[in-house]
Amino acid sequence: MKSIGVLGVGQAGGNIAQIAATMGYQTALINTNQRDGIVNTKVERKFFIPGYNGAGQNRSIGLKAVNDNYREIIDFVQKSFKNIKLLLVAFSTDGGTGSGMSPLLIDLLLDNLPGVNVGAIAIVPDRNVLAGNRINATECIAEISRIDSLSSVFLVDNDQMRKLNPQSSKHQIYLSSNQQVMEAINHVLQVTRKSSFYGNFDETDMMNILSTRGVTIISSAAITDAKTTSDVASKVQQSWLNSIFCPVESTGVIRAGLIYEGPEKMAKLINVPAIFEAVGEPVELFEGTYITDSDPTITTILAGLSFPSRRMIAIEETLEKNKDRLQNLVNKEFTQTYESKIPWASSLKARPQERKPGSITSKLSKYQK
Ligand SMILES: Nc1nc2c(ncn2[C@@H]2O[C@H](COP(=O)(O)OP(=O)(O)OP(=O)(O)O)[C@@H](O)[C@H]2O)c(=O)[nH]1
Ligand SMILES: [Mg+2]
């Protein structure tokens, strides 16, 4: 049984839970819209909030759905997951359901799932989304960042896939983002089940890292053609910028994992201080070395990172730049009217004829010859 469970909230969350289910994770989903959730056929446990039909990108509808149904929702989550150590709540930050429900839901689950750490897989929208989505994303991420005792927050950045594949459809971007985030988490979990003569990365190490509060990334670097320790360090650092997660921006990793898989001769090129020079040495590092014949790969897990302010500014700045235009647009909704330029033309329309009543004698005399 895997020790991590995935709870999807909203459409994107359900899609991630779907992939997790195919990998053998315990999964469940919550949605305000039955039609969205029904397509995630691999997810066995589903809760649809009664009386709702989607949140229409309105976070306050998602929030209300939790407010009005929190007992049933908590009960559903408690019953859906057995013997897990970490529950990851997956959702997009820029819709209405997942974005509006998840911060309060996570806060409630932290008090109602004894012995289970709760973390998040939060999707950050790509560059093509509009103002309403951007507002949702910033509000949601600000709320998530304020939750006490929350474990790892994985910020899945749809823009990372968009950058690499500008011509891809939305659907392709979403699907490969979903797949890659679950593969990254799954890879680390799989490693904890392997044995090594040289140093194991075990489940306790993984949970130590993943229960760290703050932003977490997992990335893998192929170091096949590295010749020196600095080649290796720069390949690993590159992987922090090119992963599926928001690129690492600043120093301040609190806990980290470093897993080497590959031939023994390449392992000696790993120099921990050189690798962590760019982000500062963490307080604790958990290492695993697995000698295999496969291509040499270094997987790093960085936990306790700050929320990525440069990435968030990129989301916010188009709002800031268009502030007046956007405010005018919204004001217009309440004030706009239309004035006809041809008011006189209304008198052309057919209307009842007016008839002045006359006396019979006057009629009789009018026709008299
Ligand atoms: N990575 C990824 N992103 C997705 C996926 N589906 C939607 N998104 C992102 O999520 C946003 C839309 O959010 P949804 O998850 O559809 O919204 P919701 O939580 O269902 O909320 P409402 O539809 O407003 O009720 C899009 O703008 C994308 O940024 C997905 O499967 N994967
Ligand atoms: Mg939806």
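Predicted, not measured: the structure shown is a model, and the values here were computed from it.

**Quick word on unusual backbone geometry**
With phi around 60°, Gln57 is a residue other than glycine that occupies positive phi space. Within the element layout of this structure, Gln57 appears in the loop between β3 (45-48) and α3 (59-80). Residue Gln57 is classed as partly exposed on the basis of its relative accessible area of 48%. Unusually for a residue other than glycine, Asn83 sits at a positive phi of about 55°.

**Thoughts on the pattern of salt bridges**
Pairing of side chains with opposite charge becomes possible as their charged atoms draw close. Under the counting rule described, the total for this entry stands at eleven salt bridges. One salt bridge in this structure joins Arg311 and Asp157, with 2.6 Å as the shortest N-O distance. A residue pair is termed long-range when its members are at least 10 positions apart, and Arg311 in helix α12 (residues 309-321) and Asp157 in strand β6 (residues 152-157) qualify at 154 residues. Taking relative accessible area as the criterion, Asp157 reaches 1% and is therefore assigned buried. With its nearest N and O atoms 2.8 Å apart, the salt bridge here joins Lys194 to Glu261. Remark: Glu261 occurs in strand β8 (residues 255-262) and Lys194 occurs in the loop between α7 (170-191) and α8 (203-210); sequence separation between them is 67 residues.

**Details of the environment of Ala65**
Mapped onto the secondary structure, Ala65 falls in helix α3. C-alpha of Ala65 to C-alpha of Ala21: the two residues are 44 residues apart in sequence and 25 Å apart in space. Not counting residues within four places of it along the chain, the set of residues in contact with Ala65 comprises Thr32, Ile49, Tyr52, Ile73 and Met101.

**Considerations on the domain arrangement of the protein chain**
For the protein chain, the domain assignment lists domain 1 (1-191) and domain 2 (213-322). Measuring from the centre of the C-alpha atoms in domain 1 to the corresponding centre in domain 2 gives 24 Å. Facing the 33 residues of domain 1 at the interface are 27 residues of domain 2. Buried surface at the junction of domain 1 and domain 2, both sides included, amounts to about 2400 Å², of which 67% is carbon and sulfur. At the junction of domain 1 with domain 2, the criterion picks out one salt bridge. Contributions of two or more residues to the side of domain 1 that touches domain 2 are made by α5 (131-145), β6, α6 (158-164) and α7. Taken together, the residues of the side of domain 1 that touches domain 2 sort by class into 19 nonpolar, nine polar and five charged.

**Some points on a nonpolar patch on the surface**
On the surface, Phe197, Tyr198 and Ile291 cluster together to form a nonpolar patch covering roughly 380 Å² of accessible area. Overall, Tyr198 belongs to the partly exposed group, its relative accessible area being 45%.

**A look at the packing of aromatic side chains**
Aromatic ring pairs are defined here through the distance separating the ring centres and the angle between the ring planes. Scanning all chains against the criterion turns up four aromatic pairs. Seen in terms of ring centroids, Phe47 and Phe76 are 5.6 Å apart; in terms of plane orientation they differ by 35°. Their pairing is tilted. Here the residue Phe47 occupies a position in strand β3, and Phe76 occupies one in helix α3, the gap between them amounting to 29 residues. Judged by its relative accessible area of 7%, Phe76 is buried. Relative to Tyr198, the ring of Phe197 has its centre 6.5 Å away and its plane inclined at 90°; by these criteria the two rings are edge-to-face. In this structure Phe197 comes out as exposed when scored by relative accessible area, which is 83%.

**Side note on the site of ligand 1**
Taken together, 22 residues form the shell around ligand 1, and within it Gln57, Asp94, Thr97, Gly98 and Asn178 come nearest. Gln11 has a polar backbone atom sitting 2.9 Å from an oxygen atom of ligand 1. Within the contact set of ligand 1, an oxygen atom lies 2.9 Å away from a backbone nitrogen or oxygen of Gly96. When ligand 1 sits alone it has 640 Å² of accessible area, and the protein chains cover 88% of it.

Procedures and definitions
- Residues numbered from 1 in each chain as written.
- Chains lettered and ligands numbered in written order.
- Predicted model: local features only at pLDDT ≥ 70, side-chain atom pairs only at ≥ 80, totals over all residues.
- Heavy atoms only, no water.
- Helix = DSSP H or I, 4+ residues; strand = E, 2+ residues; numbered from the N terminus.
- Buried < 20%, exposed > 50% of the residue type's maximum accessible area, 1.4 Å probe, protein only.
- Salt bridge = Lys/Arg side-chain N within 4 Å of Asp/Glu carboxyl O.
- Contact = heavy atoms within 4.5 Å.
- Domains from an automatic or database assignment.
- Buried area = accessible area lost by both parts, 1.4 Å probe.
- Nonpolar A, V, L, I, M, F, W, Y, C, P; charged D, E, K, R; others polar.
- Patch = residues over 30% accessible without salt bridge, like charges linked within 9 Å, V, L, I, M, F, W, Y side chains within 5 Å.
- Areas by Shrake-Rupley, 256 points an atom, 1.4 Å probe, with all protein chains shown as cover.
- Phe/Tyr/Trp six-rings, centres within 6.5 Å; stacked < 30°, edge-to-face > 60°.
- Near = heavy atom within 4 Å.
- Polar contact = N/O pair within 3.5 Å; in protein donor to acceptor, adjacent residues only side chain to side chain.

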